[in-house]
Amino acid sequence: MIDLRSDTVTRPTEPMRRAMSEAPVGDDVFGDDPTVNRLEEYVSGLLGKEASIYCPSGTMTNQIGLHLGTSRGDEVILHEDAHIFNYEAGAPALLSGVQVRPVFGERGVVSPEALRAVVRPENIHFPRPKLLCLENTHNVAGGRILPLEGFAAVAAEARTLGLKVHLDGARLFNAAVATGVPAREWCEHADTVSVCSSKGLGAPVGSLLAGDEETIREARRVRKAFGGGMRQAGVIAAASLYAFEHHVGRLAEDHERARRLAEGLAEAGYAVEMPETNIVLVDVGNAGEFLAALAERGVLATPRGESAVRFVTHLDVDGEAIDAAVEAAAELSAYPLER
Ligand code: TLP
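As the structure is a computational prediction, the values presented were derived from the model and not from experiment.

## A short note on the domain arrangement of the protein
And step 1. By the assigned domains, the protein splits into domain 1 (14-246) and domain 2 (250-331).
And step 2. Here the C-alpha centroids of domain 1 and domain 2 sit 28 Å apart.
And step 3. With 19 residues of domain 1 at the contact, the number on the domain 2 side is 14 residues.
And step 4. Across the domain 1 to domain 2 interface the summed buried area is about 1300 Å²; carbon plus sulfur atoms make up 50%.
And step 5. Sorting the residues of domain 1 by area buried against domain 2 places G142, N174 and G200 first, and these three jointly supply 30% of that buried surface.
And step 6. Summed over the shared surface of domain 1 and domain 2, the number is two salt bridges.
And step 7. Between R144 and E276 there is a salt bridge, with its nearest N and O atoms 3.5 Å apart.
And step 8. Here domain 1 is connected to domain 2 by six residue pairs in polar contact (both at pLDDT 80 or more).

Here it is, written out as structure tokens:
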């Protein structure tokens, strides 16, 4: 099977497994797992933040960031297509008792004007707006990069309006590699940043939340409360450390393969946007039928609404697999799919 459902489907490589088996470990809840400590230090450095904390998932790091930036009854502002709003099982309400205010914007972008328009003034009737969440790259917008300038502008507007900023950077390194802008330059404009080692970087598990020392100290308490305090976590942290050390630069290959896939699909007659990173969105007419027929030909992808599908390139798909996926999809473009 050529699995293009997500960049989360990768299997740990041999050297990564070796790093896992050789990792020195301790009890991370006591703070003495040397591999976790090394990972946290390494990622803080990459992101230009004072500290970071290792957690099981991007959902957890986002939700800890959100919890620390708000109090019950506050309002969190984010794009209507944000992962935090759509794919985290209602966690902002469930875990932090906050109200979420989605904002519309072209392809994942929250503009300073759109932000200003929804920030409510102080009034006993209104929830208090406290946190702006941004996502880079933007998943639903097709792995779109939020350019640094616009990102800095909306973050500055948020500060002026008295809001903190959280960055969901599950795929921040895709943005960094595609643009040449170091990840830390985006992070400068955010109070808390979540990054994942389990997406394009190829680790089996693990995300980190970064911020200043005081915020991350508090995050350790929240992680414990959310059930994310892990013990000899060095065994998995070693895979994350390996991923950050060895798999960032190679994201360029995934981007190149995504372009190759998009070009092939366009040639086969599909309506496809050229990707900026590793996510390709394609209009196929009837997503359910298309995906079933594609799976019969050995290629997996996911639906994006009724009529579009998403392909994600990653470390376990090479150029040959991409060509085979294009060939399978090209066969289907000749089928009488409802268009
Ligand atoms: N995204 C997954 C699915 O949940 C949709 C995927 O296949 O793309 N932020 C962003 C932007 C994400 O794309 C994801 C995962 C997360 C957060 C959550 O990470 P995990 O799965 O580690 O909780």
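## Some points on the site of the ligand
And step 1. In the vicinity of the ligand lie 14 residues, with S6, G58, T59, D168 and R171 positioned nearest.
And step 2. At a separation of 2.9 Å, an oxygen atom of the ligand approaches a polar side-chain atom of H83.
And step 3. Contact between the ligand and K199: an oxygen atom at 3.1 Å from a side-chain N or O atom of the residue.
And step 4. In isolation the ligand has 510 Å² of accessible area, and contact with the protein removes 81% of it.
And step 5. Looking at which element gives the most residues to the shell around the ligand, the answer is helix α3 (residues 58-68), with three residues.
And step 6. Its residues placed into classes, the shell around the ligand shows one nonpolar, seven polar and six charged.

## What to know about the pattern of salt bridges
And step 1. Taken as a whole and judged by the stated rule, the model has 19 salt bridges.
And step 2. Measuring nitrogen to oxygen at the nearest pair gives 2.8 Å for the salt bridge that ties R120 to E75. One end of the pair, R120, is in the loop between α6 (112-118) and β5 (129-135); the other, E75, is in strand β3 (residues 75-79), with 45 residues separating them in the sequence.

## Topic: the nonpolar core
And step 1. Core analysis: the largest hydrophobic core is formed by 51 residues, its most contacted members being L47, L115, L132, L172, F173 and V195.
And step 2. When residues in this core are grouped by element, the largest group, seven residues, is from helix α11 (residues 234-246).
And step 3. Grouped together as the second largest cluster of nonpolar side chains are 28 residues, I2, A262, A301 and I322 included.

What counts and how
Residues numbered from 1 in each chain as written. Predicted model: local features only at pLDDT ≥ 70, side-chain atom pairs only at ≥ 80, totals over all residues. Heavy atoms only, no water. Domains from an automatic or database assignment. Contact = heavy atoms within 4.5 Å. Buried area = accessible area lost by both parts, 1.4 Å probe. Salt bridge = Lys/Arg side-chain N within 4 Å of Asp/Glu carboxyl O. Polar contact = N/O pair within 3.5 Å; in protein donor to acceptor, adjacent residues only side chain to side chain. Near = heavy atom within 4 Å. Areas by Shrake-Rupley, 256 points an atom, 1.4 Å probe, with all protein chains shown as cover. Helix = DSSP H or I, 4+ residues; strand = E, 2+ residues; numbered from the N terminus. Nonpolar A, V, L, I, M, F, W, Y, C, P; charged D, E, K, R; others polar. Core = buried A, V, L, I, M, F, W, Y, C linked by side-chain atoms within 4.5 Å. Buried < 20%, exposed > 50% of the residue type's maximum accessible area, 1.4 Å probe, protein only.

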